[in-house]
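# Tertiary structure, described
These are the residues of each chain, in order.
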Amino acid sequence: MKKHLTLIFISFFIKTSITFGQNTNFIEQNIPDVVIEPATTPFQNYSQASNDTADIDNDGDLDLVISGNLNGQGKLTVFFNDGSGNFIPGQSFLYTFTGYGTVKFNDVDNDGDMDIIDWNDNHSDSQLNVYLNNGTGQFSLSNSQQMSGSAFFKTGDFNNDGYTDLINVRYDHLTIHFNNQHGGFDNPLTTSVFYPRQSGFEIVDYNNDSYDDICVTRSNNFHLKIYINNQQNGFISYMLRGFPDDIYDFKFANLDNDASLEIITYQSNKIAIYDFIQDYNYGLAYEIEPVNINSFTPIYDYDFNNDGLKDFFILNGTSTKIFMNNGNLSFTINNIIDIYDNGNPATLHGSACFGDFNNDGNVEILASWADTRLFINQNGRYLHNGSHKLKKMSKSFMEFADFDGDNLKDLFVIGQYNRKDIFRIYKNNDTSFDPIPIVDFDFAVVNNSDNKALVFDADNDNDNDIIIMNDDHIKFYHNDGYGHFTNSLNGLAIYEPLNSYGSLSLYAVDIDGDGDKDVVENGRIIFINDGNGNFTQNIDIAYSSYLKFIDINNDGLPDILDDEHIYRNNGNFSFTDIQDLLQGEQHSYTTYTIIDINNDGYKDIIISAPYSINAKKARMFINDGNEHFVEDVTNITPANIDAVHLTNNHFQVIDFDHDGDEDIIGIENYPNHSKSFLLINLNGTLYKFIDRAFTDIFGDTKVDSYKAIDYNDDGLYDLLEPSSNDDNLHLMINNSLNTV
């Protein structure tokens, strides 16, 4: 794509010369990551991996071990940290990979350095390998044995001998594998439990007697049960009360720094925290719903911001978040910017570890799911350490608006990229963008659904709010003026289009002329705004999703254009059909463009049909000022607009040349490339400019759409455009002065 473009427009059609300012050019502006590409790290291709971190060579830096699937081969690799967060591969050990496993650093032989315990699934059985450290980060295999049961294991000291023991699950029992104090584990002790989930168990000193106890969640009814260590190689069980029957996994953590532990749970559709009451009884203290999770969602507790309070982290293919602890068991969600985009989240196993890998005083995250990525902490925001591009998305909506009151246009995006839900605001820092996530835990982008959004001041408090809708959700996000959002429905609800062929649509329009923008959904339901962002359902107006609003008589009330019929707004939430533009003619026109073509103060209409063989010409209808439209058969010609090649993005109406009348910018799509076009309005006649410097701005790429915006408020229209060839989105800044 050409990043510098000089536009010199010449005359044609008639002897009228239009000259744009000399050295008219568009220069690409760097914009932030909507989707962050895979990192160029030595461990990025490990999938379904387990990981852990420790200083294995005693140099003061946190090193890594990763064990998982690398191109179909099971591989365990040690990575040495150079002190700046760059990792150098060390020793590797191969094994047969069949699905999942667990790797941990632990001082197995109590010699003061970190050894490696690696337990891998092998279908019916599993393989346990122990690698001992010689003190410099060099490892040798000490013990290898076939084991029964799941490869998910946890560590504890169950006989209080000062050596680490292991515990895993097999069907209806837990098995403790005692440390033999010679670099291995034997003398297993089997404890009957009530059908535990393979990963649903925790090691905790529940009664503070310095002996490790075991808590499990059941695999069918999902109850919680605690097994108290009787200090004689046995356990006494108690049911924990106050929990629902759908707990998939849980984590003990002291979240409020009191004398008791809370329990973080994830359930079928939410995260919930329960506080200890007394005698194995708990009460609900905090919950968020819905959250996109599945049965393989690990929970971790860690102090991510070094404030002395334990936060918690959930790792999932569609919902990766940090819950930042505010104290008093309340939390603020910090969304991990990059969410995994390949693999089936319902069948993958994830793992994460945390630490200050680059010695900058901040906590970083290493996470494994469909691949393995390092997330760098940048002022409390976690960004993937890799190359960055703003990606073209499907089912998307983008808007530039000032969300934080600094008079700079921020970028709001919503859509999908490789099955990944994208829902973000990027803060404009004048010279660059800074990605800041907004609250999105209760809004999910739906597969194969359009995503519609409105950005406007819904509550008249002088800042931009957001309304978002897809097939399953509609939400109103209230802006506090500083770019912080809270959400509610505020009276909005989902209504289906009139028929199965209708697409979703969402409009903000002052339907009753009271100065407040109301919401029209799917061409059907009007929600009336009370001026404070509270909406009341009014009527089912029963039009199509393709309707357009046009004030035909300048009475301040929006009238409706739908299926080539003009419906006058009567001011009492009723509409009267006053004209059929095509007088019953059979047609395939689907595109309406509203424009004051002759600059008489009344809106005119252009209709066209993208990709339609039967409607090669766009047609123009001039408003006569008396609630009637007359077709102008001389203005629009095949040389001006060839409707066959118009894209579904249709036209955008702007005053491109700043002469006081409205021009049109759009795209024509051909089999292997796209051409931009500009229709300049001169005294009510549109002239199509074919200068190659402008039409070939996309080069040999095929483009879906682009948007003309005055991004930097300099009075010039800039271009936001995607490119199918490199799959990126580009912001082209207009650095010239366009004059006629």
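Residues numbered from 1 in each chain as written. Predicted model: local features only at pLDDT ≥ 70, side-chain atom pairs only at ≥ 80, totals over all residues. Heavy atoms only, no water.

### Notes on the overall build of the protein
- What the protein contains, in helices and strands, is 1 helix and 58 strands.
- The 740 residues of the protein split such that 57% are buried.
- Long-range pairs, those at least 24 residues apart, make up 46% of the contacts in the protein between residues at least 6 apart in sequence.
- Of the accessible surface of the protein, which amounts to about 29400 Å², a share of 44% is contributed by carbon and sulfur atoms. (Helix = DSSP H or I, 4+ residues; strand = E, 2+ residues; numbered from the N terminus. Buried < 20%, exposed > 50% of the residue type's maximum accessible area, 1.4 Å probe, protein only. Contact = heavy atoms within 4.5 Å. Areas by Shrake-Rupley, 256 points an atom, 1.4 Å probe, with all protein chains shown as cover.)

### Description of the packing of aromatic side chains
- The final tally for this structure, using the stated rule, is 27 aromatic pairs.
- Between phenylalanine 243 and tyrosine 282, the aromatic rings sit 5.3 Å apart at their centres with planes inclined by 45°, giving tilted as the arrangement. Taken together, the residues phenylalanine 243 in the loop between β18 (235-239) and β19 (249-253) and tyrosine 282 in strand β22 (residues 281-288) connect sequence positions 39 residues apart.
- Of the residues examined, tyrosine 282 reaches a relative accessible area of 6% and is grouped as buried.
- Cluster of aromatic residues (ring-pair linked, three or more members): Phe43, Tyr46, Phe79, Phe87 and Phe357.
- When the ring centre of phenylalanine 201 is taken as origin, the NZ or CZ atom of lysine 154, which lies over that ring, is 5.1 Å away. (Phe/Tyr/Trp six-rings, centres within 6.5 Å; stacked < 30°, edge-to-face > 60°. Lys NZ or Arg CZ within 6 Å of the ring centre and 35° of its normal.)

### Comments concerning the pattern of salt bridges
- Applying the stated criterion to the full structure yields 7 salt bridges.
- The salt bridge involving aspartate 301 is made with lysine 310; its shortest N-O contact spans 3.1 Å.
- Look at lysine 310 and you get partly exposed, because its relative accessible area is 33%.
- One network of salt bridges, with partners in common, ties together Lys154, Glu202, Lys251, Asp301 and Lys310. (Salt bridge = Lys/Arg side-chain N within 4 Å of Asp/Glu carboxyl O.)

### Examining the side chain of aspartate 118
- Within the secondary structure layout, aspartate 118 lies in strand β8 (residues 115-122).
- Here aspartate 118 is buried and forms no salt bridge, its nearest opposite-charge partner lysine 104 lying at an N-O distance of 11 Å.
- Excluding residues within four positions of it along the chain, aspartate 118 makes contact with Ser67, Leu76, Tyr95, Thr102, Val103, Gln127, Leu128, Asn129 and Tyr131. (Lys, Arg positive; Asp, Glu negative; His and termini not counted.)

### Brief notes about unusual backbone geometry
- Of note, asparagine 328 is a non-glycine position whose phi angle comes to about 55°, a positive value.
- In this structure, asparagine 328 sits in the loop between β25 (321-327) and β26 (330-335).
- Non-glycine residue asparagine 462 carries a positive phi angle of around 70°.
- Among the structural elements, asparagine 462 can be located in the loop between β36 (452-456) and β37 (465-469).

### Concerning the side chain of threonine 217
- Inspection of the secondary structure assignment puts threonine 217 in strand β16 (residues 213-218).
- When its relative accessible area of 0% is taken as the criterion, threonine 217 is described as buried.
- A polar atom in the side chain of threonine 217 sits 3.1 Å from the backbone oxygen of isoleucine 247. (Polar contact = N/O pair within 3.5 Å; in protein donor to acceptor, adjacent residues only side chain to side chain.)

### Observations regarding the pairing of strand β4 (residues 63-70)
- The element β4 is extensively covered by neighbouring structure, given that 8 of its 8 residues are classed as buried.
- Sheet topology places strand β3 (residues 47-54) next to β4; 6 bridges connect them, and they run antiparallel. Following the sheet pairing, aspartate 52 is matched in β4 by valine 65.
- Relative to strand β5 (residues 73-81), β4 runs antiparallel, the two sharing 7 bridges. Among the inter-strand pairings, isoleucine 66 is bridged to a residue of β5, identified as threonine 77.
- The hairpin turn running from β4 into β5, its antiparallel successor, is 2 residues long, and asparagine 71 in that turn takes a positive phi close to 55°. (Pairing = 2+ DSSP bridges.)

### A short note on the sheet that holds strand β44 (residues 548-550)
- Spatially, the 4 strands line up as an open sheet ordered β44-β45-β46-β47, and their pairing is antiparallel. Of all the strands in the sheet, just β44 and β47 (575-580) have a single pairing partner and so form its edges. The average undirected angle you get between the axes of adjacent strands in this sheet is 30°. (Axes fitted to C-alpha atoms, helices over the stretch in contact; angles between N-to-C directions.)

### Description of the pairing of strand β49 (residues 604-608)
- With 5 of 5 residues buried, β49 is to be regarded as a mostly interior element.
- Alternating residues of β49 divide into Asp604, Ile606 and Ser608 and Ile605 and Ile607, and every residue in both groups is buried.
- With 5 bridges joining them, strand β48 (residues 591-595) and β49 adopt antiparallel strand pairing. Among the inter-strand pairings, tyrosine 592 is bridged to a residue of β49, identified as isoleucine 607.
- Here 3 bridges tie β49 to strand β50 (residues 619-623), and the two strands are oriented antiparallel to one another. Note that in β50 the partner of isoleucine 606 across the bridge is methionine 620.

### Let's talk about the environment of asparagine 281
- Its location among the elements puts asparagine 281 in strand β22.
- With a relative accessible area of 24%, asparagine 281 lands in the partly exposed category.
- C-alpha separation for the pair asparagine 281 and arginine 241, spaced 40 residues apart in sequence, amounts to 4.8 Å.

### A look at the sheet that holds strand β39 (residues 485-488)
- If you walk across this open sheet you meet the 4 strands as β36-β37-β38-β39, and the pairing is antiparallel. Among the strands making up the open sheet, the edge pair consists of β36 and β39. Between one strand and the next, the sheet's axes are offset by a mean angle of 20°, whatever the strand orientation.
- Inspection of the sheet shows strand β38 (residues 474-479) paired to β39 by 4 bridges, in the antiparallel sense.

### What to know about the confidence of the model for the protein
- Per-residue confidence for the protein gives a mean pLDDT of 77, with 71% of residues at or over 70.
- Taking the mean pLDDT of every element in the protein, the minimum, 37, falls on strand β2 (residues 35-36) and the maximum, 94, on strand β7 (residues 101-106).
- Predicted confidence for residues 610-615 stays below pLDDT 50, and this span has 20 contacts to residues more than four positions away or in other chains. (pLDDT = per-residue confidence, 0-100.)

### What to know about the environment of lysine 707
- Here lysine 707 is to be found in strand β56 (residues 707-709).
- C-alpha separation for the pair lysine 707 and methionine 398, spaced 309 residues apart in sequence, amounts to 9.5 Å.

### Description of the environment of tyrosine 507
- Relative to the helices and strands, tyrosine 507 resides in strand β40 (residues 506-509).
- A polar contact of 2.7 Å, which involves the side chain of tyrosine 507, links it to the backbone oxygen of leucine 547.

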